[in-house]
Amino acid sequence: MVGDKARGEMNAFQRNESKETLFNFMSAGDDPPKGDFPLQKKSPKLCGSNYPLSIAFIVVNEFCERFSYYGMRAVLTLYFLSFFHWDENLSTAVYHAFSALCYFTPVIGAIMADSWLGKYKTIIYLSIVYVVGHLIKSVGAIPSLGNQAVHVVLSMVGLFLIALGTGGIKPCVSAFGGDQFEEEHTSERSKFFSIFYLSINAGSLISTFVTPVLRGDVKCFGEDCYALAFGVPAALMVLALVVFIAGSGLYRKTPPQGNVLLEVCKCICFAIKNRLKNRSREIPKRDHWLDWASEKYSKQLIGEVKMVTRVLFLFIPLPMFWALFDQQFLNPLLILVFIPIFDLGLYPLIDMCKFNFTPIRKMATGMILAGLAFGLAAVIEIKINETDMPRLVPEESLIRVLNLAKNPVQVTIQDKDLFQQPVEAFQNPAEYSKLILNGEQQSLRFTLQHQGLTLAFNYTVKEKSVYSLIVFEAEGSLSSHLITDLEAKPENGLAAVRFINGLSQDVNLTIDGRKFIAVQKDYSPSEYSLLERDTYNNGKCVTETGEFPLELGLLDFGASYTIVITNISGGAVKTWKSEDIKANNVHMAWQLPQYLLISAGEVMFSITGLAFSYSQSPASMKSVLQAGWLLTVAVGNTFVLIVAEAAPMAQWAEFVLFTVLLFAVCIIFSIMGYFYVSVDPEDLEEKEEKRETSSRGNMIGLVTQKTKL
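Residues numbered from 1 in each chain as written. Predicted model: local features only at pLDDT ≥ 70, side-chain atom pairs only at ≥ 80, totals over all residues. Heavy atoms only, no water.

Attention shifts here to the sheet that holds strand β5 (residues 433–436). Spatially, four strands are ordered β5-β3-β8-β9 in an open sheet, and the strand pairing comes out mixed. Whereas interior strands pair on both sides, the edge strands pair on one side only; in this sheet they are β5 and β9 (477–484). Adjacent strand axes in the sheet meet at a mean angle of 35° when their direction is disregarded. Here strand β8 (residues 466–474) runs beside β9; their pairing, made up of eight bridges, is antiparallel. Bridge assignment links S468 to a residue of β9, and that residue is I483. (Pairing = 2+ DSSP bridges. Helix = DSSP H or I, 4+ residues; strand = E, 2+ residues; numbered from the N terminus. Axes fitted to C-alpha atoms, helices over the stretch in contact; angles between N-to-C directions.)

Right, dumping it as structure tokens:
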């Protein structure tokens, strides 16, 4: 008994002495003792596979969250235009500012997750902020609630909270999903990121169809129901939060490890400072510049900082991909199709060919595919521009003649050598003729010669404008109008049409039962109307004498038409149609290869990058490196805005510029990737644990020796 008591006291003494000896034995550069984290429980598996059941809750949560975000964003610009009555420039600027903020705020969420709250609590708290932002945004869209200033303030506060919420949880949710897998299931973890990305695009695809329908087809407060269009995404975000909390008992939760980011910054600063102090050639060199921090910081921290800085350095060229990605409308449906094709078909086939298709090679291939997509877009844009109007410069205008008289007319313009041949009656006009002016505007004399008669008219012509001289018969003589034409193709593939009323009475036109146009008599022109491409043969023309059918024929993509109402004969309106701007001669199907290439590039680049940034980050900085990956998106989007504002250029030239830049960046990234050595964070931790075990063995020997003394 006495012996046991003595041994117990001696063991207690040894434990106390071992702590003291450990404190004295550790030298600068060794690691402090790690705290004992609770053992992570194993989550139940899905259908006997190696996939944890917990990821089902995470994937459903991500689907609902992305539905919420993209559904709200789908009607945001239209909300600014029609509800706030902002102009297009302001609406676009606020929209892009909000989108950019959503990709800068992930840094805040990552710091909260890795340094303070942990990923689970960060997702919960910022999701609540997200929901509050949605609710405020929905309330701000109720027309009867205050004046416009109240609506603007509520909307901006709501958008800020949404940006903080969606951006803050972005790096945490993907990293938290990766944490659910055990270390031996790396293949399943890699496929999880594909499933995760698939849920993102599924939510995006469905929401972009649903919310515009809710806005336009459902009426509330006597107008478009923006409150409902924003309220449904809010409800989906509440559902996302509920689903995520429901899986709480299944999650593996990695605790935060202190202010890691601050320690990383201090370690880097100390290494630089220490290196600058020790520049003497007599001091031995060290393998890595961060090794100069070993006098103050642990080897494990230095090793983790090396991992993070290597990956962040590799991320430097990547914003160029997102710069292209931001300019191309992508079809989420193609992404949903490509993900299983690549994961279940293409990648296994490449593995069977014994080709080492590393993540960096996948990302480089994705960049090449994106570059090819934009190169093809540039070629198509050049073909489309062949039918566009010439670009006008100062002191220059364009003009043509429409002869609506019964006989040829010779047109002469003062001091200009144009229209050498007479213009035949109802002759399809040739290309516009260039008219050089002597200033911003000039008064010109137009002379018309017709059946021995000579008539003169004075018109003022302005620079950088497009005109049609309308010649017609009036009271047994000739008269004319100088009218302004479109200067460029209608946008978005629409067709533009205007009418000239050659009757002696006013007319009211109805096109396709929806479009109503009033045109005054005596060859007065109407304003241009924009219509979808279609064949319009069910129109109506209402005059003082009755109602008559009106057939316009095909109005094609990107074309501009002038339709002259000449007479009423046989119970129908007779018209003559002139194509002012030629229709697009490139079929829409030529855009399909662009979508296929850019979608395939996105799958290879984005999903691989997401998984790569997780696999190459230490456990204490998973969210931080995910935020670094998302930050490349923000930088790419910002780069596009700067280029667009600083150096406006033709669309095809912009495509060519970004294509060349992306291929150049791809080469740089490939060279950097060639020298990059992948590191398994677990290997680093195992080496550190072995070193600590060895150190503790030495300390136990010291304690025993001291006790005997």
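Having put the structure on the table, let's press on.
Bringing the nonpolar core into the picture now. Ranked by internal contacts, the top residues of the largest apolar core, which has 122 residues, are F98, M367 and W629. Excluding anything up to four places from it in sequence, W629 contacts F315, L318, W322, M363, F605, S606, G609, L610 and S613. (Core = buried A, V, L, I, M, F, W, Y, C linked by side-chain atoms within 4.5 Å. Buried < 20%, exposed > 50% of the residue type's maximum accessible area, 1.4 Å probe, protein only. Contact = heavy atoms within 4.5 Å.)

To continue, consider the side chain of T632. Counting through the fold element by element, T632 comes out in helix α16 (residues 622–646). A relative accessible area of 5% means that T632 is categorised as buried. T632 has contacts with F315, L318, P319 and W322, leaving out every residue within four places of it along the chain.

Turning next to the packing of aromatic side chains. Throughout the structure, instances matching the rule amount to 42 aromatic pairs. For the ring pair F355 and F357, a centre distance of 5.8 Å and an interplane angle of 45° mean the geometry is tilted. Judged by relative accessible area, F355 falls into the partly exposed class, the value being 42%. We classify F357 as buried; its relative accessible area is 15%. Pairing Y674 with F675 gives two aromatic rings, centres 5.2 Å apart and planes at 90°, and the pair type is edge-to-face. Taken together through their ring pairs, the aromatic side chains of Y79, F80, F83, F84, W86, Y226 and F230 make up a single cluster. Lying over the aromatic face of W292, R286 brings its terminal NZ or CZ to 4.2 Å of the ring centre. Over the ring of Y614 we find K622, and its NZ or CZ is 4.1 Å from the ring centre. (Phe/Tyr/Trp six-rings, centres within 6.5 Å; stacked < 30°, edge-to-face > 60°. Lys NZ or Arg CZ within 6 Å of the ring centre and 35° of its normal.)

Once that is clear, we can look at a negative patch on the surface. On the surface, E475, D506, D522 and E544 cluster together into a patch of negative charge. Looking at the secondary structure, you find E475 in the loop between β8 and β9. (Patch = residues over 30% accessible without salt bridge, like charges linked within 9 Å, V, L, I, M, F, W, Y side chains within 5 Å. Areas by Shrake-Rupley, 256 points an atom, 1.4 Å probe, with all protein chains shown as cover. Salt bridge = Lys/Arg side-chain N within 4 Å of Asp/Glu carboxyl O. Lys, Arg positive; Asp, Glu negative; His and termini not counted. Charge placed at Lys NZ, Arg CZ, Asp CG, Glu CD.)

Turning next to unusual backbone geometry. Phi at K464 is positive, roughly 55°, even though this residue is not glycine. With respect to the helices and strands, the residue K464 is situated in the loop between β7 (453–462) and β8. One non-glycine residue, Y523, lies in positive phi territory at about 65°. Take Y523: it is sitting in the loop between β12 (515–519) and β13 (524–525). A relative accessible area of 16% places Y523 in the buried class.

Mapped onto the elements of the fold, R400 is located in strand β3 (residues 396–403). Taking relative accessible area as the criterion, R400 reaches 3% and is therefore assigned buried. Within polar-contact distance, the side chain of R400 engages the side chain of S468 at 2.8 Å. In terms of polar contacts, R400 uses its side chain to reach the side chain of S578, at 3.3 Å. Contact partners of R400, with chain neighbours within four places excluded, come to F419, P429, Y432, Y467, S468, L469, D485, R498, T562, S578, E579 and D580. (Polar contact = N/O pair within 3.5 Å; in protein donor to acceptor, adjacent residues only side chain to side chain.)

The grouping of I382, W652, V656 and V660 at the surface amounts to a nonpolar patch, some 330 Å² of accessible area in total. Tallying contributions element by element places helix α17 (residues 651–675) first for the nonpolar patch, with three residues. For V660, a relative accessible area of 52% corresponds to the exposed category.

The next point concerns the pattern of salt bridges. Two side chains carrying opposite charge are able to pair once their charged atoms lie near each other. Under the counting rule described, the total for this entry stands at 13 salt bridges. Between E396 and K434 there is a salt bridge, with its nearest N and O atoms 3.8 Å apart. Placement of the pair is E396 in strand β3 and K434 in strand β5, with a sequence separation of 38 residues. Overall, E396 belongs to the buried group, its relative accessible area being 10%. D485 is the salt-bridge partner of R498, the closest N and O atoms lying 2.6 Å from each other. Pair noted here: R498 is in strand β10 (residues 495–501) and D485 is in the loop between β9 and β10, with a separation of 13 residues, a long-range link. Since its relative accessible area comes to 2%, R498 is described here as buried. What you see here is one network of salt bridges that share partners, running through R400, D485, R498 and D580.

Another point: the environment of G133. Topologically, G133 is positioned in helix α6 (residues 119–139). Judged by its relative accessible area of 0%, G133 is buried. Taking the C-alpha atoms as reference, G133 lies 5.0 Å from I162; in sequence the two are 29 residues apart. Setting aside residues no more than four positions away along its own chain, G133 makes contact with G158, L161 and I162.

Attention shifts here to helix α10 (residues 260–277). Helix length check: α10 (18 residues) gives 26 Å between terminal C-alpha atoms against 26 Å at 1.5 Å per residue, within 8%. By the burial criterion, the buried members of α10 are V260, V264, C267, A271 and N274. Projected down its long axis, α10 shows its buried positions confined to an angular sector of 105°, all on one face. In α10, the exposed positions angled more than 90 degrees off the buried face are occupied by K273 and K277. Turning to α10, the residues buried within the fold contact α5 (106–117) and α11 (299–315). (Expected span 1.5 Å × (residues − 1). Arc of directions from axis to C-beta.)

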